[in-house]
Amino acid sequence: TRSNKVTASELQGLLNAFAKANRSHSAIKKARTHLKAMFDLAVDDRILDSSPARRITMPKRIRKVDDTYADQDVVRKLFQAAGKRDRLILRIFVSCGLRPQETFALRGNDIETGRLRVDEALKQAERGAAFIGEPKTVDSYGYVSLPAKLASELRAWVRDESILPEGWLFPASRGSGPIRPNNYVKRDLAKLAEAAGVGHIDLRRLRRTCATYLRDEATAQGQLRHSSVEID
């Protein structure tokens, strides 16, 4: 079989190629973990005598993770340049700290008194029914605090846009599926940032903004649903 012909140098070359393509440290680490697990299973099932992934290591040059956040002036300019829909989306990131794949998986009935329910997430790389799945981790399930003013505006949005309880809070177009996060960044956020004159910005940077302004670590951990305060 082909698995008998895979070499450690080929697998290491794959990780090195990921690093050269500016993949993040976490993405490369996950790929390494999956490769090791896959070939270990092949050894356990006696398909292979030994695992070629046993000695593969993390590449030395990996893209540095951007840990910056948007300051209050940047946030203000974005809000001023945004229309109703985009302003609501941005405020969910800044005030509630949801991940991009969670924000665009919100439905009309996820708005509750004083909180947003998080029980679904989009899978950017998937198509069809697999595009809508579970949140990132077990700790990601649950609720986040929702400011009263934002809750009121979200309910007005649901009413004005005739969004059904099970309907997407921010559909790609009327009656269609949810917005793909990457598409929103390329087609909407980039134009909005240019109009606001704030330079490049992405959705994760806005999520980090929420964590930055929640000064208490325990509060930030709970709002962002991290299993540890050290996790970005």
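As a starting point, this report considers the structure included with it. Per-chain numbering applies: the sequence of each chain, read as written, is numbered from 1 onward. For this predicted model, a pLDDT threshold of at least 70 governs which residues receive local features, and a threshold of 80 or more governs which side-chain atom pairs are given and counted, while totals over whole chains, interfaces and linings are taken from all residues. Side-chain figures throughout are based on the complete set of non-hydrogen atoms in the structure, without hydrogens or water.

**Description of the side chain of Glu102**
Okay, step 1: Structurally, Glu102 can be placed in helix H5 (residues 100-103).
Okay, step 2: Any residue under 20% of the maximum accessible area for its type is buried, any over 50% is exposed, and the rest in between are partly exposed; the area is computed with a 1.4 Å probe on protein chains only. With relative accessibility at 2%, the residue Glu102 sits in the buried group.
Okay, step 3: Two N or O atoms count as a polar contact when they lie within 3.5 Å, although within protein this holds only if one can serve as hydrogen donor and the other as acceptor, and sequence-adjacent residues are included solely when both atoms are side-chain atoms. In terms of polar contacts, Glu102 uses its side chain to reach the side chain of Arg99, at 2.9 Å. Note on conventions: DSSP H or I runs of at least 4 residues are helices, E runs of at least 2 residues are strands, and numbering of each starts at the N terminus.

**Things to note about the environment of Leu150**
Okay, step 1: Looking at the element boundaries, Leu150 is found in helix H6 (residues 148-160).
Okay, step 2: When the C-alpha atoms of Leu150 and Ile92 are compared, they prove to be 8.2 Å apart, with 58 residues separating the residues in sequence.
Okay, step 3: Ignoring any residue separated from it by four or fewer positions in sequence, one finds Leu150 in contact with Leu88, Arg91, Ile92, Ser95 and Cys96. In what follows, residue pairs with any heavy atoms lying within 4.5 Å of each other are defined as contacts.

**Thoughts on unusual backbone geometry**
Okay, step 1: Backbone geometry at Arg46 places phi at a positive 65 degrees, although glycine is not the residue there.
Okay, step 2: Note on placement: Arg46 falls in the loop between helix H2 (25-44) and helix H3 (72-81).
Okay, step 3: A positive phi angle, near 55 degrees, is found at Ser162, a position not held by glycine.
Okay, step 4: Within the element layout of this structure, Ser162 appears in the loop between H6 and helix H7 (181-196).

**Concerning H7**
Okay, step 1: Fitting axes to the seven residues that end at a residue and to the seven that start at it, the angle between those axes gives the bend at that residue. Leu189 marks the point of greatest bend in H7, at about 35 degrees.
Okay, step 2: Inspection of H7 places Pro181, Tyr184, Leu189, Leu192, Ala193 and Ala196 among the buried residues, and these make up the whole buried set.
Okay, step 3: One or two residues past the end of H7 sits Gly197, with phi positive at roughly 70 degrees.

**Some remarks on the packing of helix H4 (residues 84-96) against H6**
Okay, step 1: Note on definitions: angles span 0 to 180 degrees between N-to-C directions of axes, and those axes are lines fitted to C-alpha atoms, for helices only across the stretch in contact. One can describe the packing of H4 onto H6 by two numbers: an axis separation of 11 Å at closest approach and a directional angle of 145 degrees. Pair H4 / H6 crosses with left-handed handedness. Contacts between H4 and H6 involve Lys84, Arg85, Leu88, Arg91, Ile92, Ser95 and Cys96 from the first element and Lys149, Leu150, Glu153, Leu154, Trp157 and Asp160 from the second.
Okay, step 2: Each residue is assigned to one class: nonpolar for Ala, Val, Leu, Ile, Met, Phe, Trp, Tyr, Cys and Pro, charged for Asp, Glu, Lys and Arg, and polar for all the others, Gly among them. Classifying every residue of the contact of H4 with H6 gives six nonpolar, one polar and six charged. Working rule for handedness: look at the near helix, and if it is turned counterclockwise from the far one by less than a right angle, call the crossing left-handed; if clockwise, right-handed.

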